[in-house]
Amino acid sequence: MPGIKKLGKQTCRFANPPVIISSGTVVGPKEGQGPLGPYFHRVCADSLLGEASWERAERALLKNAFQLALDSAGLQPKDIDVLLAGDLLNQIISANYTARDLGIPFLGLYGACSTMVESMALGAMLIDGGFAGRVLQGASSHYNTAERQFRAPAEFGNQRALTAQWTVTGAGATVLSAKGMGPRITHATIGKVVDLGVKDASDMGSAMAPAVADTIITHLADTGRKPEEYDLIISGDLASIGKALVQQLVSKAGYEISEIYTDCGCIIYDPTQDVHAGGSGCGCSAVVMGSYLLQEMARGKFRRVLAIGSGALLSPVATLQGESIPGIGHAIVLEAWPDNRVSGAGD
Amino acid sequence: MDNQQHLNQSGQQAIQEYQQMIKQAKPKPPVIKNSFWAFVVGGTICIIGQGLMNLFTAQGLGSLDASAATATVLVFASALLTGLGVYNDLGKFAGAGSIVPITGFANAMVAPALEFKREGMVFGVAARLFSIAGPVLVFGFVTSWLIGLVTFIFT
């Protein structure tokens, strides 16, 4: 028997769409110098943040993002029912240690770079299901922690591939609530793991593109909507190559999205910043969606947005053993809700 | 579920089609430009090495000692430049040109030493020191055994 809020194969439609009442984003200096610099809530002057290690610096970013999101909603950690967070590091240490400091009931997530959208989808389910009144979500990544875990030491003089992406140093957080002012999450489409055999760990955009395309196509089929019904379709961190591939894959399925489609990894850096294909990491979608997207929605530039978190479920061990890189994409629909009425789903 | 089956059934075909799409979407690496800079930088490092070698020989060192002194200076210079954060910038455009000479080997040891210092001297620096350079040593030793064996058999 299908769930009563389920739509089609993989989509949930929320009966009382939860509200994003606040957000907080913190980024490193490189991201601050990028085109979206003015949108971020805080830009750190130094990517070590005065901490003793890169890992501690990433935790500081995440904690800072949570603090900013709570402060701007006028809330304390005790006002939050559940914390959903994750990052890229082994045993998701950034999220675990930050949760230790906050003392909020915590569910740790690993969805690689799709974690932010995964956490928002789950948060919306917890609230619309009546299991929580307020949920705090967050995700982080740091260039230096990701490089040393997944790739090479920072000072190693190798040449990065043109398809390689630059891990965003940054953390984003949102507070979801059953009531309040702000854009609402009306739908969530939970993605499947899709793997079309990409084995090149320096080409994650290509590894993730089929999963993201699958989620977009499934979402449109499940809801019966056309791409034109969205003002923006935005994916997490596919960067230039992955973005081009998604457009082709979605167009093969008969949907034309190129006019309204963009990717956080393509807009967070300027081409002169030497990031090759673009940005990546949990922080990429977390900081772009938590700042640029929500602020532009508040200004009325976008009213209905399909946001897809894209994750390359990359493991250095599996890659060395010759396995391909599975990809995943989760989608949420954000809708501006200016009159703040609490009613049924948005369509 | 049927989508998953579809993926598995037409798996091989879908994978091949997708690989073609990737091939077209990927930017081509600038091979000629990369080769040029690898040649210029790699060549320059070798010229500096030869200059040092000549200098040490002129100062009266034997050829074996002069080689050792040259290697020492180059390795020190590379380690210093790695520590100052310059060597990886060189590697960015020189590629193999700065990896292949002995200076690249020094960089491959100093970079992990710096990176893993925070995990302690034993399990950080010492254990990770050979994480990149280790294979170079292993295959270097294996090659020298093989050459030794060949020399032993044929002389």
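About the criteria used
- Residues numbered from 1 in each chain as written.
- Chains lettered and ligands numbered in written order.
- Predicted model: local features only at pLDDT ≥ 70, side-chain atom pairs only at ≥ 80, totals over all residues.
- Heavy atoms only, no water.
- Helix = DSSP H or I, 4+ residues; strand = E, 2+ residues; numbered from the N terminus.
- Buried < 20%, exposed > 50% of the residue type's maximum accessible area, 1.4 Å probe, protein only.
- Contact = heavy atoms within 4.5 Å.
- Areas by Shrake-Rupley, 256 points an atom, 1.4 Å probe, with all protein chains shown as cover.
- Buried area = accessible area lost by both parts, 1.4 Å probe.
- Salt bridge = Lys/Arg side-chain N within 4 Å of Asp/Glu carboxyl O.
- Polar contact = N/O pair within 3.5 Å; in protein donor to acceptor, adjacent residues only side chain to side chain.
- Pairing = 2+ DSSP bridges.
- Domains from an automatic or database assignment.
- Phe/Tyr/Trp six-rings, centres within 6.5 Å; stacked < 30°, edge-to-face > 60°.
- Lys NZ or Arg CZ within 6 Å of the ring centre and 35° of its normal.
- Axes fitted to C-alpha atoms, helices over the stretch in contact; angles between N-to-C directions.
- Parallel < 35°, antiparallel > 145°, perpendicular 65-115°, else oblique.
- Left-handed = near helix turned anticlockwise from the far one by under 90°.
- Nonpolar A, V, L, I, M, F, W, Y, C, P; charged D, E, K, R; others polar.
- Expected span 1.5 Å × (residues − 1).
- Bend = angle between axes of the 7 residues up to and from the residue.

Participant: Let's hear about the overall build of chain A: which residues, and what values?
Facilitator: Within chain A, the regular secondary structure consists of ten helices and 15 strands. By the burial criterion, 60% of the 347 residues in chain A qualify as buried. Across chain A, contacts joining residues at least 24 apart in sequence account for 78% of those joining residues at least 6 apart. Summed over its atoms, the accessible surface of chain A is roughly 12,200 Å², and 53% of this surface lies on carbon and sulfur atoms.

Participant: So what about the interface of chain A and chain B? Which residues, and what values?
Facilitator: Taken residue by residue, the interface counts 34 residues in chain A and 39 residues in chain B. Of the roughly 3,000 Å² buried between chain A and chain B on both sides combined, carbon and sulfur atoms contribute 57%. At the boundary of chain A with chain B, the tally comes to five salt bridges. The shortest N-O distance in the salt bridge between E115 of chain B and R148 of chain A comes to 2.9 Å. Remark: the boundary between chain A and chain B carries twelve residue pairs in polar contact (both at pLDDT 80 or more).

Participant: Explain the pairing of strand β15 (residues 327–335) of chain A to me, and be specific about the residues and the numbers.
Facilitator: Residues and elements named next belong to chain A. The buried fraction of β15 is high, at nine of nine residues. Going residue by residue along β15, you find G327, G329, A331, V333 and E335 tucked away on one face and I328, H330, I332 and L334 tucked away on the opposite face as well. Pairing of strand β10 (residues 184–189) with β15 involves five bridges; the strand directions are antiparallel. Bridging across to β15, R184 finds its partner in E335.

Participant: How would you sum up the domain arrangement of chain A? Please name residues and give values.
Facilitator: Residue and element names in this part refer to chain A. Segmenting chain A into domains produces domain 1 (6–177) and domain 2 (184–335). If you average the C-alpha positions of domain 1 and of domain 2, the two centres end up 17 Å apart. Together, the buried faces of domain 1 and domain 2 total about 4,800 Å²; carbon and sulfur atoms form 63% of this surface. When the area that domain 1 buries against domain 2 is broken down by residue, the three leading residues are Q10, Y39 and Q165, summing to 17%. Where domain 1 meets domain 2, there are zero salt bridges. In this assembly, domain 1 and domain 2 are joined by 26 residue pairs in polar contact (both at pLDDT 80 or more). Those elements giving two or more residues to the side of domain 1 that touches domain 2 turn out to be β2 (11–13), β3 (19–27), α1 (29–33), α4 (115–128), β7 (134–141), α5 (143–150), β8 (165–167) and β9 (170–177).

Participant: Go over the packing of aromatic side chains with me, naming the residues and quoting the values.
Facilitator: Going through the model one piece at a time under the given rule, you end up with five aromatic pairs over all chains. Pairing Y292 of chain A with F302 of chain A gives two aromatic rings, centres 6.3 Å apart and planes at 65 degrees, and the pair type is edge-to-face. Taken together, the residues span a long stretch of sequence, with Y292 of chain A in helix α9 (residues 282–298) and F302 of chain A in the loop between α9 and β14 (304–312) at a distance of ten residues. Like F302 of chain A, Y292 of chain A is buried. Here W37 of chain B and F93 of chain B contribute two aromatic rings whose centre-to-centre distance is 5.3 Å and whose plane-to-plane angle is 90 degrees, an arrangement assigned as edge-to-face. You can see W37 of chain B sitting in helix α3 (residues 31–58) and its partner F93 of chain B sitting in helix α5 (residues 87–94), a full 56 residues away along the chain. Look at W37 of chain B and you get partly exposed, because its relative accessible area is 33%. F93 of chain B gets classed as partly exposed once you look at its relative accessible area, which sits at 38%. Over the ring of Y97 of chain A we find R59 of chain A, and its NZ or CZ is 4.4 Å from the ring centre.

Participant: Describe the pattern of salt bridges, and please don't skip the residues or the numbers.
Facilitator: Tallied over the entire structure, the rule returns 16 salt bridges over all chains. Across the salt bridge formed by R56 of chain A and E51 of chain A, the nearest N and O atoms sit 3.4 Å from each other. For D200 of chain A, the salt bridge identified is with K26 of chain B, shortest N-O distance 3.8 Å. With D200 of chain A in the loop between β10 and α6 (204–223) and K26 of chain B in the loop between α2 (11–25) and α3, the pair connects residues from two separate chains. On the basis of relative accessibility, which here comes to 29%, the residue D200 of chain A falls in the partly exposed class.

Participant: For the packing of helix α2 (residues 54–73) of chain A against α5 of chain A, give the residues involved together with the corresponding values.
Facilitator: Residue and element names in this part refer to chain A. Remark: α2 packs on α5, axes separated minimally by 8 Å, with the N-to-C direction vectors making an angle of 135 degrees. On the basis of their axis angle, the class for α2 and α5 is oblique. Between α2 and α5 lies a crossing of left-handed hand. Taking contact as the criterion, the partners of W54, E55 and E58 in α2 are, on α5, N144, T145 and R148. Partitioned by chemical class, the residues of the contact of α2 with α5 number one nonpolar, two polar and three charged.

Participant: If you had to explain the side chain of S235 of chain A to someone new, which residues and values would you point to?
Facilitator: Residues and elements named next belong to chain A. Along the chain, the position of S235 falls in strand β11 (residues 232–235). A polar atom in the side chain of S235 sits 2.7 Å from the side chain of Y261. Within the structure, the side chain of S235 is placed 2.6 Å from the side chain of D263, a separation counted as a polar contact. Dropping the residues within four chain positions of it, S235 is found in contact with V212, Y261, T262, D263, C264 and I308.

Participant: Quick rundown of the environment of F106 of chain A? Include the residues and the values.
Facilitator: Residues and elements named next belong to chain A. If you trace the backbone, F106 turns up in strand β6 (residues 106–108). Between the C-alpha atoms of F106 and G130, which are 24 residues apart in sequence, the distance is 17 Å. Discounting residues that sit within four places of it in the chain, F106 has contacts with L83, A85, A95, N96 and A99.

Participant: Tell me about α9 of chain A, and please be specific about residues and values.
Facilitator: Residues and elements named next belong to chain A. End to end, α9 covers 23 Å across 17 residues, agreeing with the expected 24 Å (1.5 Å per residue, within 8%). Largest kink in α9: about 35 degrees, centred on M289. Once α9 finishes, G300 follows within two positions and takes phi at roughly 90 degrees, a positive value.

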